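Structural overview for review
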Amino acid sequence: GAQDYYKHINRGCLDLRMDYQLQNGTLVDNMRYDLHGLYNTDFFTERAISVISEHDPSTPLFLYLGYTAPHGPIQAPDTAVRQYTSHMTGSKMLRRKYATMVSLMDRGVGQVVGALEQYGLREDTLVVFMSDNGAVYGGRGSNFPLRGGKTSLQEGGVRSISIVNSPLLQKTGYINTNLHHVTDWYATFQALAGDHSEQVHKKQLDVDGLNIWESISLNKSSGREEVLINMRIPEKMNQELDNQEEEDNMTDNDVEEVLTKTDNKAKDFFVIRRGDWKLFSGSSYIFNDWTEKNCEKRASKDSKMGSGVKLYNLALDPREMYDVSEDFPQIVQELLAKAESYSKNVTVTGKRRSSGAGKINGEWHPWVTAVN
């Protein structure tokens, strides 16, 4: 996200590469200056179709298609805006462009599925369409009726929807409400592809996710009882903020990609879900209100901070309106007790998600900072 859809630039540097090239024994980024001017969504779709067309159907295929749409900046081809939003003449151009971005992504997904059919892969393929987080709180997006938004740990930020489609599914046309976590997809894909690391003596780190195939295909229990939503331990956070001037001068298109000033106020917290119970605890964490059902205008809502212990029963209260921590002290103590076991596995980490160290000669490159 936050990448210019035509220039492929993010915060002044090119951020588009295709694979790596081996040069004199060293892997070198294959930066694609030649794609300047091509619209991201269309180019990503074309590239995905190319991979499908060249794939051997007798071998497994994992294809991750990470569209940047409809993340800002809000950009869309003029011809497509006229094509897809001719009925929206009363709406502002920004909203029409956003609708076009969603339409082009939708068209792209359809073309990719069509390619799976064309090249004989459709009957044996699981298609998963997912989002990574809710809309930004206080922006034009809406997470109604859920509370909070992107960067918060409330349901409006962390409860993400997915659509799963495949001829392999034994039960279809239903809404699955089982507890799943994003890490479960890896274990599920691995199992479906027939990858058994012990059979080929591959070294593999412990996998946090669970194989949720039966949960999806048959609507059985996922086997997952809890999800650690997030925790922050001050003594395990590297407090150094490099390039503070860069952060202070960020544009509107950048602000979603780097921890905001409100995020930096969050100190220590522990948020966990077990079954339908969800616990917030800590001295400072983002705790927002609710967005409207239809946010055509940017709302004048700033992120708020919360503190202390709060407990919600999401089965009865998915909007996180009623704190029942005083009514269920035993549940509170059981969930708080889990913080210690999780904290043992937390390693020292940087506070920022981006670094000026990755800017090299007008290009974004991977960087690693070792913390002892």
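Each chain carries its own residue numbering, running from 1 in the direction its sequence is written. It should be noted that, the model being predicted, local features are given only for residues of pLDDT at least 70 and side-chain atom pairs only at 80 or more, the latter also being counted only at that level, while totals for whole chains, interfaces and linings use all residues. Note: side-chain values were computed over all heavy atoms of the structure, leaving out hydrogens and water.

A look at the overall build of the protein chain
- Only DSSP runs of H or I reaching four residues or more are called helices, and only runs of E reaching two or more are called strands; each is numbered from the N terminus. Counting secondary structure elements, the protein chain contains 10 helices and 16 strands.
- Categorising residues by exposure relies on relative accessible area from a 1.4 Å probe, with only protein chains included: less than 20% of the type maximum marks a residue as buried, more than 50% marks it as exposed, and the intermediate range marks it as partly exposed. Burial statistics for the protein chain: of 372 residues in total, 38% are counted as buried.
- Once local pairs closer than 6 in sequence are excluded, the contacts in the protein chain between residues at least 24 apart make up 68%.
- As presented, the protein chain carries roughly 22,000 Å² of accessible surface, and 50% of it is formed by carbon and sulfur atoms. In this description, contact between two residues means that some pair of their heavy atoms is separated by no more than 4.5 Å. Throughout, the Shrake-Rupley method with a 1.4 Å probe supplies accessible areas, and for residues the shown protein chains are the sole cover considered.

Regarding the packing of helix α1 (residues 40-54) against helix α3 (residues 93-118)
- In contact at an axis separation of 9 Å, α1 and α3 are set at 10° when each is read in the N-to-C sense. One element, α1, and the other, α3, form an angle in the roughly parallel class. On the side of α1, the interface is formed by T41, D42, T45, A48, I49 and I52, while α3 contributes L104, M105, R107, G108, Q111, V112, A115 and L116.
- Residues are grouped as follows: Ala, Val, Leu, Ile, Met, Phe, Trp, Tyr, Cys and Pro are nonpolar; Asp, Glu, Lys and Arg are charged; all remaining types, including Gly, are polar. Per-class residue counts for the contact of α1 with α3 are eight nonpolar, four polar and two charged. Only the stretch in contact is used when a helix axis is fitted, and all axes are lines through C-alpha atoms; the angle between N-to-C directions ranges over 0 to 180 degrees. Should an angle fall under 35 degrees it is called roughly parallel, over 145 degrees roughly antiparallel, and 65 to 115 degrees roughly perpendicular, with every other angle called oblique.

Quick word on the sheet that holds strand β7 (residues 226-232)
- Taking strand neighbours across the sheet as the criterion, the four strands line up as β7-β9-β10-β13 in an open arrangement whose pairing is antiparallel. Looking at which strands have only one partner, the edges of the open sheet turn out to be β7 and β13 (310-313). Across the sheet, the mean angle separating the axes of adjacent strands is 10° when strand polarity is ignored.
- Note: two strands are recorded as paired if DSSP finds a minimum of 2 bridges between them. The pairing of strand β9 (residues 269-274) with strand β10 (residues 277-282) spans six bridges and is classified as antiparallel. Residue F269 lies in a different strand from β10, and its bridge partner there is G282.

Observations regarding the pairing of β10
- Most of β10 sits inside the fold, with five of its six residues counted as buried.
- Where β9 folds back on β10, the antiparallel hairpin that results is connected by two residues, among which G275 adopts a positive phi of roughly 60°.
- Sheet analysis places β10 next to β13, joined by four bridges and oriented antiparallel. For W277, the partnering residue across the bridge sits in β13 and is N313.

Regarding the packing of aromatic side chains
- Note on aromatic contacts: the rings of Phe and Tyr and the six-membered ring of Trp form a pair at centre separations within 6.5 Å, being stacked when their planes are under 30 degrees apart, edge-to-face when over 60 apart, and tilted otherwise. If you walk through the whole model with that rule in mind, you get 12 aromatic pairs.
- Relative to Y312, the ring of F287 has its centre 6.5 Å away and its plane inclined at 25°; by these criteria the two rings are stacked. Placement of F287 in the loop between β11 (285-286) and β12 (305-306) and of Y312 in strand β13 is noted, with a sequence separation of 25 residues between them. In terms of burial, F287 and Y312 fall into one category: buried.
- Across from the ring centre of W290, 4.1 Å away, lies the NZ or CZ of R147, which sits over that ring. Note on criteria: charge over ring means Lys NZ or Arg CZ within 6 Å of the ring centre, with the direction from the centre no more than 35 degrees off the ring normal.

As for the confidence of the model for the protein chain
- Of the residues in the protein chain, 84% reach a pLDDT of 70 or more, and the chain-wide mean stands at 85.
- Averaged pLDDT values for the elements of the protein chain fall to 45 in helix α7 (residues 244-248) and rise to 98 in β13.
- The predictor attaches a confidence to each residue, called pLDDT, with possible values from 0 through 100. Note on residues 240-262: pLDDT is under 50 here. Beyond four places in sequence and across chains, it has 47 contacts.

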